[in-house]
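What follows is the residue order along each chain.
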Amino acid sequence: MKNRKSQIFSVFLLISLLSTHWCQAKESGFDYPELSVVPLASDRLIQQKETDRVEGWKTHANILFPASMTFIAGAGLLADGPRVDSQSDLNRAAPYIGMGVGALWWLATTVWIHPMDHYGKGLEEISKVGGKSTRDLLTRERLAEESIRRASKVAKRMKWISVVSNLAASAVMGSAGKPDGWSNALAGVSAVASLTPLIFKHRWEETESLQEEYKRRIYAPVAGPTLLTDPSGLSLSPGVSLSLRF
């Protein structure tokens, strides 16, 4: 009878421990990785906005570098002179196509892409959410994450448009150059440079990748029931196991 009472007590103790551990994990915010990740998305917005301000055009280096090489290749073909054949009309236009594509990327970056300031706009958005409740904190962090994702989405679009436009312009210039002309080498360099956005991620895209990776690393203590073997190994008793969930 005494042994039975001991078993019943052990079961109640097990339930109590499980309940305590579950409540502690919940109160610690492990149910919300947005609130446990370091740095928080809202902090990341502040950091990246300042980085954008300090680095300026370096932020878009993976886009502006191939644009510059395409422009230089176009100028080189114009100086070297395109070959004259049945495609002479396209050949004559090739230098201007190359310079036009390069110049358009610089213009688009200057008047449209760089002034977007997704991080700054995100900070303005979350500043409108007051309060310190869990709901308010979650709202701010999720709005911050949306701003990070928007910036990354723009960067991904720029990447593919940049690669296609610069590679196509380089191909046109390469086919328009004289067989023995030195401008062909520039067109080849321009074609290789057009792949830069595929090799080096834009910082906006990299920021989202890092933030998502940090969220995946959040862990929480998990308590679960188990059976423990006594020292003799002949009987089992109820117990609690504690592990970390990633």
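Before reading further, recall that the structure is shown in the block above.
Residues numbered from 1 in each chain as written. Predicted model: local features only at pLDDT ≥ 70, side-chain atom pairs only at ≥ 80, totals over all residues. Heavy atoms only, no water.

K.L.:
Please give an account of unusual backbone geometry that cites residues and values.
P.N.:
A cis geometry characterises the amide bond from V38 onward to P39, with omega recorded as 0 degrees. Structurally, P39 can be placed in the loop between α2 (33–36) and α3 (41–55). Notably, D117 is not glycine yet its phi reads approximately 50 degrees, a positive angle. By the secondary structure assignment, D117 is in the loop between α5 (88–113) and α6 (118–127). (Helix = DSSP H or I, 4+ residues; strand = E, 2+ residues; numbered from the N terminus.)

K.L.:
If you had to explain the pattern of salt bridges to someone new, which residues and values would you point to?
P.N.:
Counted by the stated rule, this structure contains 9 salt bridges. Where E55 meets R203, a salt bridge forms, and the shortest distance between an N and an O atom there is 3.6 Å. Remark: R203 occurs in helix α10 (residues 203–216) and E55 occurs in helix α3; sequence separation between them is 148 residues. Residue class for E55 comes out partly exposed when judged on its relative accessible area of 32%. Between E205 and K159 there is a salt bridge, and its shortest N-O distance comes to 3.3 Å. Taken as a pair, E205 in helix α10 and K159 in helix α7 (residues 134–176) lie far apart in primary sequence, 46 residues in all. Note on K159: relative accessible area 13%, which makes it buried. If you follow the salt bridges from partner to partner, you end up with D52, E55 and R203 in one network. (Salt bridge = Lys/Arg side-chain N within 4 Å of Asp/Glu carboxyl O. Buried < 20%, exposed > 50% of the residue type's maximum accessible area, 1.4 Å probe, protein only.)

K.L.:
With reference to specific residues and values, describe the nonpolar core.
P.N.:
Within the largest apolar cluster, 20 residues are counted, with the highest numbers of intra-cluster contacts made by L45, W105, Y119, M158 and W204. With 8 residues, α7 is the single largest residue contributor to this core. Sequence-distant contacts of Y119, defined by excluding residues within four places in its chain, comprise L45, Q48, K49, D52, I148, A151, W204 and T207. Membership of the second largest hydrophobic core comes to 6 residues, among which are A73, M173, A176 and A187. (Core = buried A, V, L, I, M, F, W, Y, C linked by side-chain atoms within 4.5 Å. Contact = heavy atoms within 4.5 Å.)

K.L.:
Which residues make up α6, and what values go with them?
P.N.:
Among all positions of α6, only H118, Y119, G120, G122 and I126 are buried. In this structure, the buried side of α6 is in contact with α3, α7 and α10.

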